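# Structure at a glance
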Amino acid sequence: MMPLQQSGYSFFFLIFFFFASALCTNVTYDHRALIINGQRKLLMSASIHYPRSVPAMWPGLVAAAKEGGIDVIESYVFWNGHEISPGKYYFGGRFDLVKFVKIIRDARMYMMLRIGPFVAAEWNFGGVPVWLHYVPGTVFRTDSEPFKTHVQSFTTYIVEMMKKERLFASQGGPIILAQVENEYGDIESVYGKGGKPYAMWSAKMALSQNIGVPWIMCQQYDAPDPVINTCNSFYCDQFQPNSVKKPKIWTENWPGWFNTFGSAIRQRPPEDIAYAVARFFQNGGSLNNYYMYHGGTNFDRTSGGPFITTSYDYDAPLDEYGLLRLPKWGHLKDLHKAIKLCEHALLYGEAALVTLGPLQEATVYTDLIGNCAAFLANLDEEMDKTVVFQNKSYHLLPWSVSILPDCRNVEFNTAMITSQSSIVEMIPESLQASSFVQEKGLKTSNWDFFVEKIGVWHTADLKKTGFVDHINTTKDTTDYLWYTTSFHFHRDQGLLRNGSLPVLKVESKGHAVHVFVNKKLQVSSSGNGAGSSFKFESPITLKHGKNKIALLSMTVGLQNAGPFYEWVGAGLTSVKISHLKGGSIDLSSNTWVYKIGLEGEYKNIYSEEHAKKVKWISMDEVPKNQPLTWYKTTVHPPSGQDPIALDMEFMGKGRAWLNGEAIGRYWPRKSSIHDKCSSTCNYRGKFFPDKCGTGCGQPTQRWYHIPRSWFRPSGNTLVIFEEKGGDPSKIKFARRRATSICGSVAEAYPLDLGSMVNANGKKDTKTNLYLACSHGSFISAIKFASFGTPAGSCGSYSQGICHYANSVHVVKEACLNKNNCAISLSEKTFGNNIICPGTIKKLSVEVACS
Ligand SMILES: *[C@@H]1O[C@H](CO)[C@@H](O)[C@H](O)[C@H]1NC(C)=O
Ligand SMILES: *[C@@H]1O[C@H](CO)[C@@H](O)[C@H](O)[C@H]1NC(C)=O
Ligand SMILES: *[C@@H]1O[C@H](CO)[C@@H](O)[C@H](O)[C@H]1NC(C)=O
Ligand SMILES: *[C@@H]1O[C@H](CO)[C@@H](O)[C@H](O)[C@H]1NC(C)=O
């Protein structure tokens, strides 16, 4: 035993070493995994982009990811949100990167910082500032000096900012990986001689930043050592890094897909995501990142395009509003737990592949300390299969993987969802809470409005023969550019004898246009999907004498990816009038007068401070179906804590603001009823974005998220700019809420058929049904409960032939007025009389949370 005095010293040293080790985390890698403080790590990672939500949501999102079994949060860095003009930076509000990283650190999680600075990400211009396109001599993403100079200075700025706050793991912070460039390998050759040198320069520039943690480059097949090349795809189990010294990392596992205005809604089934993840780890993967885990919202004009919706929900495990998407979130949580149980065997064991059938295989991992973990895969897209593995038989569902952390018992099967599901509803609420209306004596319609001038307001910006490029002219300071001209038309000489109207023919590089002839909106058109260019013809009414034509050209999110994407232009290329007696008039080479943007935008009238700069009109009856109209009203937030959306079903197209904060572009554009939609999605077989569309013939986006933190307790100003005409009296709020949760669990886990040699199988433990309402809410009613052979799914359960009469009673006793509950699926729970012997019974429950 040491004398007292000395132990005082060693205590001091202990404290010192504790802090020293807290000060830095050693992150390296070998062929198998990242090595953190000497240990190989199996990591689950989640993409949450900080500017796609608000700071008030960040801690909750990060916590929900952690609860879902996530270790790492990933985000891109959004250059054009930060470097507003050359050398002028912004890191406030949603762009407070340091605050976001510190929230991750404080949650004791790791971070992957994908700096880019080109990011694609369905984000405006791929994240690169538009001003950089106009720095002379600049070509993006190639061996171009001005581009490289700005990339290096922004990357350095971000790295220095992180270093100053000690946020790299090498400094004790959470950042364990950083990315430079993004998916460049896929298009490197298109850049010809500039491609490879640029990619190599990027890697070298990154390495010279000395961040003390590894760099990655995704989809970069020639990433030079020590940069790790990583995989982005729906499936990455077949991926191999470009060196045997590098671990297998999946930077983008897409659990859904983004939407464009006018598309059906894309969804990916949880069974297939789980299958892809299990196959990845079965085949040597060590880090899986969901892109996105929370997609969030493309607020303001940040969405890329053209036509990416304001919602970036992505069918992610956390929905746009931050609520758990069930059963997806829970199924992946169960998957993560099962894979983590295998961690040591996977990362330190030897792998052996065992063939179990023509399309069935097992990978068995055994380590030196006696752990054994096995993944049993059935690659068959149609048929299930019973296989024998180590003298035990197992039932494998089609297109599924069973995970056996001890090589004997099935902990998890990717195609068998046992976690709870939910029904989420948008509950309508008026813009002014009824009590509030009474209190303040407000009319039900209390919209003020201001109508934009059609065509050039104030003075023209530009006069030119022929057409200018839209983006070159606006420099993306606004979506809008007026193209105006006039011409003379002689009715008697011009009109055809058979009485048919003149036909306007317009061609445009994109993205959308409203055509006003003599101050009247006559036709609107736009591109579709990935194609932004469009042409159309439409009969128009002309008058005798001078006719004024004003075309409001619009961008709907700039290109965000593809070789030389920054050169893809927009705007009109041809305007003709045909079906005239003298043939046709080509207005393309007329003198065109241009005006950039709208008066209301220019004067910032959506902000409370500047609203008074125009004269708003107040009327009892708000004008409907009127183009180019600004609407303003005072709104009251729905009570409670549910997330809030704006219901724009009855509006045309435009933008919206609350208290000066830009909600985003709205456009309830409908998808075609001819799109491929299916009420159920077959999870089996390879997924592709259009495999499982829903909502055909419906608006792609009807609801627009307004973060609660943007509201004040009262006196909130909602401003709408409507381009084509809508009915603002029908605008409502909606509260988003999980109104029901459901669970359905079978009595016996039918995947583990037991030992063929001796019946010494472990007693099955998966016979509890768990239900949990979100934090702060309680199970308020039992909507359905049946122990027996119930059919259907959440929201549509029905009793089967076998049904225990006391099912509802049992669930009530166990669950009512509780936040969460567990019910054991034994016959004892449901009464002693055995009513359907020999049947594997199931308990299905739907409850209301409030
Ligand atoms: C970091 O870890 C690696 C691999 O485990 C090891 O070789 C290296 O010495 C460690 N570095 C420090 C500073 O501890
Ligand atoms: C399977 O059974 C055979 C024959 O009884 C036996 O030799 C073998 O050890 C068993 N294997 C396992 C993994 O239990
Ligand atoms: C009128 O004549 C034009 C030119 O021949 C033709 O394209 C159009 O279809 C005709 N319209 C009617 C209503 O017959
Ligand atoms: C935009 O302007 C640049 C010159 O600044 C020119 O090189 C480019 O071709 C223009 N783009 C389009 C689409 O017209």
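Everything below is about the structure printed above this text.
Because the structure is a prediction, the values reported are computed rather than measured.

What counts, and where the lines are drawn
Residues numbered from 1 in each chain as written. Chains lettered and ligands numbered in written order. Predicted model: local features only at pLDDT ≥ 70, side-chain atom pairs only at ≥ 80, totals over all residues. Heavy atoms only, no water. Pairing = 2+ DSSP bridges. Helix = DSSP H or I, 4+ residues; strand = E, 2+ residues; numbered from the N terminus. Axes fitted to C-alpha atoms, helices over the stretch in contact; angles between N-to-C directions. Core = buried A, V, L, I, M, F, W, Y, C linked by side-chain atoms within 4.5 Å. Buried < 20%, exposed > 50% of the residue type's maximum accessible area, 1.4 Å probe, protein only. Contact = heavy atoms within 4.5 Å. Phe/Tyr/Trp six-rings, centres within 6.5 Å; stacked < 30°, edge-to-face > 60°. Arc of directions from axis to C-beta.

Taken together, the four strands give an open sheet; going across it, the order is E29-E26-E31-E32, and neighbouring strands pair in antiparallel fashion. Taken across any chain shown, the strands that pair with only one partner, and hence form the sheet edges, are strand E29 (534-539) and strand E32 (583-586). The average undirected angle you get between the axes of adjacent strands in this sheet is 20°. Pairing between strand E26 (residues 503-508) and E29: six bridges, direction antiparallel. When the sheet's bridge partners are listed, Lys 505 is paired in E29 with Glu 537.

Turning our eyes to something else, we now look at the nonpolar core. With 182 residues, the main nonpolar core has Ile 73, Met 162, Leu 335, Ile 403, Leu 646 and Ile 720 as its most contacted residues. Those residues within four positions of Ile 720 in sequence are excluded, and the remaining contacts are Trp 447, Thr 629, Trp 630, Tyr 631, Leu 646, Met 648, Met 651, Arg 655, Ala 656, Tyr 666 and Ile 731.

Another aspect to go through is the sheet that holds strand E27 (residues 512-517). Across the sheet, six strands lie side by side as E24-E33-E25-E30-E27-E28; this open sheet has antiparallel pairing. Two strands close off the open sheet at either side, each with one partner strand: strand E24 (462-465) and strand E28 (520-526). For this sheet, the mean inter-axis angle between neighbouring strands, taken without regard to orientation, is 25°. Inspection of the sheet shows strand E25 (residues 480-489) paired to strand E30 (residues 545-554) by ten bridges, in the antiparallel sense.

The next thing to look at is the packing of aromatic side chains. Under the definition given, this model contains 58 aromatic pairs. Arranged with centres 5.2 Å apart and planes meeting at 75°, the rings of Trp 254 and Trp 257 form a pair that is edge-to-face. Take Trp 254: its relative accessible area is 13%, and that puts it in the buried class. Relative to Tyr 314, the ring of Trp 257 lies with its centre 6.3 Å away and its plane at 55°, an arrangement referred to as tilted. Within this pair, whereas Trp 257 is found in the loop between strand E12 (248-253) and strand E13 (265-266), its partner Tyr 314 is found in the loop between strand E14 (285-294) and helix H9 (328-341), the two being separated by 57 residues in sequence. Trp 257 sits in the buried class, given a relative accessible area of 16%.

A word on the pairing of E27. Among the six residues of E27, six are classified as buried, and the element is accordingly described as predominantly covered. Residues Ala 512, His 514 and Phe 516 point to one face of E27 and Val 513, Val 515 and Val 517 to the other, with burial holding for every one of them. As paired strands, E27 and E28 are joined by six bridges and run antiparallel to one another. Residue pairing for E28: Val 515 is matched across the bridge by Val 523. Between the antiparallel neighbours E27 and E28 lie two residues, among them Asn 518 with a positive phi of about 50°. Here E27 runs beside E30; their pairing, made up of six bridges, is antiparallel. Looking at E30, one finds that Val 513 is bridged to Ser 553.

Take helix H2 (residues 58-67) next. Three or four residues apart is the spacing at which side chains of an α-helix point the same way, because the helix has 3.6 residues per turn. Along H2, the residues that are buried comprise Trp 58, Leu 61, Val 62, Ala 64 and Ala 65. Take H2 and look down its axis: the buried residues cluster within an arc of 160°, on one side only. Here the buried face of H2 lies against strand E4 (43-48), strand E5 (72-76), helix H4 (97-106), E14 and H9. The positive-phi residue at the C-terminal boundary of H2 is Gly 69, with phi of around 85°.

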